[in-house]
Amino acid sequence: MEANSVDTLSLAERRELCALAGNLKTVLDTRLDDNERKRLTATLRELIRRPVAAHDEKSLPNAVMTLRTAYAFAEMVDPDHNILIAILLHPLVKHGLMSVADVEREWGADIAGLHRGLDEVAKFSTRNSATNQENFRGLIISLAHDIRVIIIMIVRCLVLMRSINLHPDDTWVRNVAFEANCLYAQLAHRLGLYKIKGELEDLSLKYTNREIYTQIAHKLNATKRSRDAYIKAFIDPVKRELEKAGLKFEIKGRTKSISSIWNKMRKQKVDLPGIYDLFAIRVILDSEPAREKSECWLAYSILADMYTANPARMRDWISIPKSNGYESLHATVMGPENKWVEVQFRTRRMDLVAEKGLAAHWRYKGGKADGTDQWMNNIRDILESADAGPMQLMKNIHMDPFGKEVFAFTPKGDLFRLSGGATVLDFAFHIHSNVGAKCTGAKVNGQHKKLNYKIQNGDTVEILTAANQTPRQEWLNIVTSSKARNKIKQCLNEEKQRLADIGKEALMRRAKNRKVELDEAHVMRLIKKMGYKFALEFYADMGADKVDPGRFLNSYIESTTHTGEAEHVSAEEFEIRRDDDEKKSQNDVLVIGEKSINGLSYRFARCCNPIYGDDVFGFISSDGMVKIHKNSCPNAAHIKERYPYRVIRADWSGKSGSMLPATLRVVGNDDIGIVTNITSIISHEQGAALRNISIDSHDGMFQGYLVIGVSDNRQLTTLVKKIKTVKGVKDVVRV
């Protein structure tokens, strides 16, 4: 018999469950028809009754958390019935009690689409996503597909943060708090969900630095009475003057968040008494749409007549709202007792947008706002940084908030919004990628400015371009926006590839003219010896005339055709490398490690040049390549003693493979024709080939080194015996 999961909940949790279900039913009753209402009631009962109501994420009650999330969304964002139903159904879908197809059939494609977005997020939303690059990127990309999914995840994070105070797993709590602060609080800020953002930051501080949080909270409580008295003394005369002007309004004081106060204390390096703007006064006007701006300015002028305003701290987001829809007029005035006081003027509509962000903004605008598209495009621009790690992604999200913006005009009067600190180069890329790529500077308010000039509010900017201008590496240090940075990187990579194609073609042409066949592996070794990590960079420098193809070809020829003793050195470097395709073929000659292990890349060591049949072992080098050594190798004892944990078994597979190099030292009388006789024996040996030979004669004797390609050690032994029979040969030894 199926266990009733409600039995696992405490009495308080069961009461909360019933209360939340009733509240949600009240919220949704007016938005659903009779059929939908019945199905939703059945869904709520199923959610409470089935095992999905049992404890989930770190032993938190799943059903309670789901209803808390839905109710918090309705209360703090918007009572959108599609989103609320998606939140309520998600645990049932997640635990296999409903399919997405069932959701689509019963509730429609839109709610089913939200489920697909939530399922996509669930693949990456682990509590280590903030420190795991792939998880973090996957999470952000999946969030960016539907902005409603972002808001659901923000609210879900808030509910989780509210529920984990004094949780026994401190490490898990800190991970949750870290992700909440670095990711979801910043996303909430972008969406204008300032109330949620402030609470997330406060709770994050509480869980990561409880001592500081408690100290500030206690000090605020201790000064609450005097602070309330000051707010009342400030508000009363302002209230009387606004009423005289015939304005309808609400005026109240609001203490700033603990995290905001802590940030100011750290930034200004002062204690709590040194923070002058611990609170803000908010004037909320009941204005008709046509009179919103004029009445906000009227209220401000009344305040400015009463108290001295600080023009440097004037913030006008009424004339030009923030990108997330935020509208408000902020002023700082010198109040009683010579204290600076921040006063915010806004209408009811503006206040709702400020409290509930873009969700409220859409409702007033009748659809998705332009600022939303801009925000989503900015998120996607950030994601284009493929080389960015998780901390850099967080920095990009955090350091480019819409709270810091500048506004500039084109000569035609078009207004552009950029992030604070944006340069002329940012402005150029903001207009168009091609304009940015060709930018040489700008005329700002009629004066010539360089690429790194920082745009100021109200500037008129005319971008100057040149047809031969191309992006440069140092531009990455000038721009501040992720969009401009990504476009510059893209242009630089395209230019590098173009130069690399030119460089490679020049080298191939030189080699063809000189009838030299280039071995790709040997070319790569030479490139790395020159200090290049990647062939693309080498060929790009060759295409840019920084590397001469003729000189490089000379080096290549010298390294493959040395004479005298140098030939012996070149022969020692001769190696056979097996790539994955070769190892998959039937000619594979080695079994490395356990026989079940496949796909290991290996090469034969230069120091001993093992051949088929030699007693060998494998050594895992620092680059992951397995090097095959003979057990009699001069370096074997040192390797096995110092790196025993990197030595693995290597056996021949039972059949010979491709030719492998073996070096012989031959000593004999310096007679005419002796070398010819030796090479004749090698050439007549089937399956053997002479790779290199170096001869040195002195006092009637000669010493030579032969590098011979053979298939196994038996063939080499046969060759050694035959060479010893040549008249005048004194000794033949494998080295």
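Everything here concerns the structure above.
Now for a description of the structure that goes with this document. (Residues numbered from 1 in each chain as written. Predicted model: local features only at pLDDT ≥ 70, side-chain atom pairs only at ≥ 80, totals over all residues. Heavy atoms only, no water.)

1. Section: the pattern of salt bridges
Scanning the entire structure with this criterion turns up 21 salt bridges. The partner of E292 in a salt bridge is R349, with the nearest N and O atoms 3.0 Å apart. Residue E292 is located in helix α14 (residues 292-306), and its partner R349 is located in helix α15 (residues 348-356); the two are separated by 57 residues in the primary sequence. The burial state of E292 is the same as that of R349; both residues are buried. What emerges from the salt-bridge pattern is a single network uniting E250, D286 and R348. (Salt bridge = Lys/Arg side-chain N within 4 Å of Asp/Glu carboxyl O. Helix = DSSP H or I, 4+ residues; strand = E, 2+ residues; numbered from the N terminus. Buried < 20%, exposed > 50% of the residue type's maximum accessible area, 1.4 Å probe, protein only.)

2. A closer look at the side chain of N310
Position of N310 among the secondary structure elements: in the loop between β5 (308-309) and β6 (315-316). For N310, the side chain forms a polar contact with the main-chain nitrogen of A312, separated by 3.1 Å. Sequence-distant contacts of N310, defined by excluding residues within four places in its chain, comprise T332 and W340. (Polar contact = N/O pair within 3.5 Å; in protein donor to acceptor, adjacent residues only side chain to side chain. Contact = heavy atoms within 4.5 Å.)

3. Some details on the packing of helix α21 (residues 482-513) against helix α23 (residues 535-543)
The interhelical angle for the contact between α21 and α23, taken along N-to-C directions, is 75°, at an axis separation of 6 Å. Looking at the two axes, α21 sits roughly perpendicular to α23. Residues K496, Q497, L499, A500, I502, G503, K504 and L507 of α21 touch α23, and the partners they reach there are L536, E537, Y539, A540, M542 and G543. A breakdown of the residues in the contact of α21 with α23 according to their chemical character gives 8 nonpolar, 3 polar and 3 charged. (Axes fitted to C-alpha atoms, helices over the stretch in contact; angles between N-to-C directions. Parallel < 35°, antiparallel > 145°, perpendicular 65-115°, else oblique. Nonpolar A, V, L, I, M, F, W, Y, C, P; charged D, E, K, R; others polar.)

4. So, the packing of aromatic side chains
Inspection of the entire model under this criterion finds 10 aromatic pairs. Arranged with centres 5.2 Å apart and planes meeting at 90°, the rings of Y194 and Y326 form a pair that is edge-to-face. Here Y326 lies in the loop between β6 and β7 (329-335) and Y194 lies in helix α10 (residues 194-208), a separation of 132 residues in the sequence. Here Y194 and Y326 have matching classes, each one buried. Connected via pairs of aromatic rings, a cluster forms that spans Y532, F538, Y539 and F552. In this structure, K640 packs its charged tip against the face of F617, placed 4.6 Å from the ring centre. (Phe/Tyr/Trp six-rings, centres within 6.5 Å; stacked < 30°, edge-to-face > 60°. Lys NZ or Arg CZ within 6 Å of the ring centre and 35° of its normal.)

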